[in-house]
Amino acid sequence: MANSGQVYVLDPRVLPDIPDSMLAERPESLDGSTVGLLANGKRNSEELLEQVYEVLSESFKLKRAVPDNKGNASRPCPPNLLAELSEVCDVVITASGD
Amino acid sequence: MNSDELRFDSENQAVEAFIERGWTDGLPIIPPSLERVNSFLEYSGRDSEEPLGREPVKGRTVTVGKVAINSVMAGCLPQYFPVVLSAIEAALEPEFNLHGITASTMGAGILAVVNGPIAESVGINGSTSVFGPGHRANATIGRAIRLCIINATGSKSGEIDKATLGHAGKYTWCITENIEASPWSTLGEDRGFNKKSNVVTVFSGLSPTQVSNHSTQEPESILRSFKDALFAAGPSQGEIVITLCPEHTKHLSQAGWGKMQIRDYMYQMAVRTDDEWGSGSIPPGGTLKGLKLTHSAEAPDSYTIIVAGGFAGAFSSVIPLWGGGSNSQSVTKPILETTA
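This is a predicted model, so every value here is computed, not measured. (Residues numbered from 1 in each chain as written. Chains lettered and ligands numbered in written order. Predicted model: local features only at pLDDT ≥ 70, side-chain atom pairs only at ≥ 80, totals over all residues.)

### Looking at the overall build of chain A
Summing up its helical and strand segments, chain A has two helices and four strands in all. Listing each helix as α and each strand as β along chain A from the N terminus yields β-β-α-β-α-β. Here chain A has a C-alpha radius of gyration of 21 Å; the compact-globule value for 98 residues is 13 Å, and the former is much larger. C-alpha atoms of chain A, sized along the principal axes, occupy 70 × 30 × 25 Å. In chain A, buried positions account for 18% of the 98 residues. Taking the contacts inside chain A whose residues are at least 6 apart along the sequence as the reference set, 76% of them involve residues at least 24 apart. (Helix = DSSP H or I, 4+ residues; strand = E, 2+ residues; numbered from the N terminus. Rg over C-alpha atoms; globule rule 2.2 N^0.38 Å. Buried ≥ 20, exposed ≤ 12 C-beta atoms within 10 Å, placed from the backbone. Contact = placed C-beta atoms within 7 Å.)

### Comments concerning the overall build of chain B
Counting secondary structure elements, chain B contains 13 helices and 13 strands. Whereas a compact globule of 340 residues would reach a radius of gyration of roughly 20 Å, chain B reaches 20 Å, a difference of no more than 12%. Summarising the internal contacts of chain B: among those between residues at least 6 apart in sequence, 80% fall at separations of at least 24.

### Overview of the domain arrangement of chain B
Residue and element names in this part refer to chain B. Partitioning chain B into structural domains gives domain 1 (9-179) and domain 2 (207-320). Placing a centre on the C-alpha atoms of domain 1 and another on those of domain 2 gives a separation of 30 Å. The interface is formed by 13 residues belonging to domain 1 together with nine residues belonging to domain 2. Of the residues assigned to the side of domain 1 that touches domain 2, the class counts are five nonpolar, seven polar and one charged. (Domains from an automatic or database assignment. Nonpolar A, V, L, I, M, F, W, Y, C, P; charged D, E, K, R; others polar.)

### Considerations on the interface of chain B and chain A
At the junction of the two partners, chain B supplies 36 residues and chain A supplies 19 residues. Going through the elements one at a time, β1 (5-8), α1 (11-20), α2 (34-44), β3 (60-63), α3 (64-74) and α7 (136-151) of chain B are the ones with two or more residues in the side of chain B that touches chain A. Considering only residue class, the side of chain B that touches chain A consists of 14 nonpolar, 14 polar and eight charged. One ladder, built from four bridges, connects strand β1 (residues 7-10) of chain A with β1 of chain B; its direction is antiparallel. Residue pairing for β1 of chain B: V9 of chain A is matched across the bridge by L6 of chain B. (Pairing = 2+ DSSP bridges.)

### A word on the sheet that holds strand β5 (residues 174-176) of chain B
Residue and element names in this part refer to chain B. One open sheet holds the four strands; their spatial order is β5-β4-β6-β13, and the pairing between them is mixed. Strand pairing shows two members of the sheet lacking a second neighbour, β5 and β13 (331-334), which therefore form its edges. Along the sheet, successive strands turn relative to each other by an average axial angle of 25°, direction set aside. Two elements, strand β4 (residues 109-115) and β5, share three bridges in a ladder whose sense is parallel. Along β5, the bridge assignment pairs A112 with C174. Packing against the sheet, helix α4 (residues 81-91) makes contact with β4, β6 (199-205) and β13, and its axis sits at approximately 50° to β6. (Axes fitted to C-alpha atoms, helices over the stretch in contact; angles between N-to-C directions.)

### Description of the nonpolar core
The biggest cluster of nonpolar side chains holds 99 residues, and the ones touching the most others in it are V84, I88 and A112 of chain B. Split by domain, the residues of this core number at least three in each of domain 1 (9-179) and domain 2 (207-320) of chain B. With residues up to four places along the chain from it excluded, the contact list for A112 of chain B reads A87, I141, G142, I145, W173, C174, V200 and V202 of chain B. Counting residues in hydrophobic clusters, the runner-up holds seven residues, among them V35, L37, A39 and L49 of chain A. (Core = buried A, V, L, I, M, F, W, Y, C linked by C-beta atoms within 7 Å.)

### Details of the confidence of the model for chain B
Overall, the predicted model of chain B reaches an average pLDDT of 95, with 97% of residues at or above 70. Confidence metrics for the complex model read pTM 0.92 and ipTM 0.91. (pLDDT = per-residue confidence, 0-100.)

### Considerations on unusual backbone geometry
All names here are of chain B. Of note, the phi angle at N97 is positive, near 60°, even though the residue is not glycine. As for its position among the elements, N97 is in the loop between α4 and α5 (98-103). By C-beta crowding, N97 is classed as buried, having 23 other C-beta atoms within 10 Å. With phi around 55°, S129 is a residue other than glycine that occupies positive phi space. Positionally, S129 belongs in the loop between α6 (117-122) and α7.

### Regarding the sheet that holds strand β12 (residues 315-320) of chain B
Residue and element names in this part refer to chain B. Taken in spatial order, the four strands of this open sheet run β7-β12-β8-β11, and their pairing is mixed. Edge strands, defined here as strands with exactly one partner in the open sheet, are β7 (209-212) and β11 (303-307). Ignoring which end each strand starts from, the neighbouring axes of this sheet average 25° apart. Two elements, strand β8 (residues 240-244) and β12, share four bridges in a ladder whose sense is antiparallel. Along β12, the bridge assignment pairs V241 with I319.

### Let's talk about the packing of α3 of chain B against α7 of chain B
Residue and element names in this part refer to chain B. Remark: α3 packs on α7, axes separated minimally by 8 Å, with the N-to-C direction vectors making an angle of 130°. The angle between α3 and α7 places the two elements in the oblique class. Crossing of α3 against α7: the hand is right-handed. Contacts from V67, N70, S71, M73 and A74 in α3 reach T140, R143, A144, L147, C148 and N151 in α7. A breakdown of the residues in the contact of α3 with α7 according to their chemical character gives six nonpolar, four polar and one charged. (Parallel < 35°, antiparallel > 145°, perpendicular 65-115°, else oblique. Left-handed = near helix turned anticlockwise from the far one by under 90°.)

### Things to note about the environment of T273 of chain B
Residues and elements named next belong to chain B. Relative to the assigned elements, T273 resides in strand β9 (residues 271-273). Judged by local crowding, T273 falls into the partly exposed class, with 15 C-beta atoms found within 10 Å. Remark: the alpha-carbon pair of T273 and L291, spanning 18 residues in sequence, is separated by 5.0 Å. For T273, the contacting residues outside a window of four places in its chain are L291, K292 and L293.

Here's what the structure looks like:
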């Protein structure tokens, strides 16, 4: 095609049908909250979450922690584990340690 | 065609704009005009809005039309397009874990191995310089797959794609086997297809390690040369690709060895204590310690053997797969007949 005049080409992209990122709604306070700590299987991820819980405990009267580990950082969290956590937790914190 | 048409003053301007917007691999592309894209769709006989699969993490459903656009950009000919379609369809299967392999610091590419008569009819190279340049089908089919990863599933370098190193196979990586040199079943046959079936298999390949041994024709000696390369991949690999060159293949087959015997020997040979693994590599998930023996692969079947490369030279290779070869499983798909 000549390099003059108008050229029409097609957009090669597929746009997402979900937002790029979704942040969970932030509660005003964590007082009285059951806090899920979902590690991803990487080394130190459980330790990191334990320390996050300790830091939060200094600011809020947390009810309890529910630690769990999805076991494989390379794979999505099993749906049943997410369902169990959302059943018993008010908030869930996850982490990527290495 | 459900894609926005973009207007430019010239093809050069379109090419520069695509590069600037991050819609290429850094190299110039063929501008995807409606006419060019339609010629691909007509060749395939498939509807542009037909979905090939969905990448769930980034929420993108990839259609035949979008793959056609990216295949034009890559420099494909229409007759290559069915191969690209099946490769993308394979890569979108959940067990391939496309998001993981295209986002991870581990830096995998997608190795596409084509089997069946289509490999010869469209000119896919499986012989001399099999992983190198000079063959349009190899170069552009592999590139089309990469451009689809960038544009259709949104994995741009430095954004979603966080590879620490990556490797040259991330630009393009499509081959066939050297069936003239192979006395054994093809990869397609190993996956349950007929030798005359056109199929493509996708692997989440890390950078290959070349294995050299010109000094022996004895099977055990040849295979022991792979030991260090296998150890470098880490322990207990779920799947790992062995590219045997024709010269090594000839020595092995003339001694009466088949793929099963090679896999069994490799499994038994590539083993060491956890103390040796722990001091020689960083295994995923923690440090191995002790005198227990751990193999380089989970099982003999974990070694996928392909025969490829030129007839001269005793250079084979080990291609580890992403995530220990178990978090991304290779997928084989038939290449659909065209109506053209």
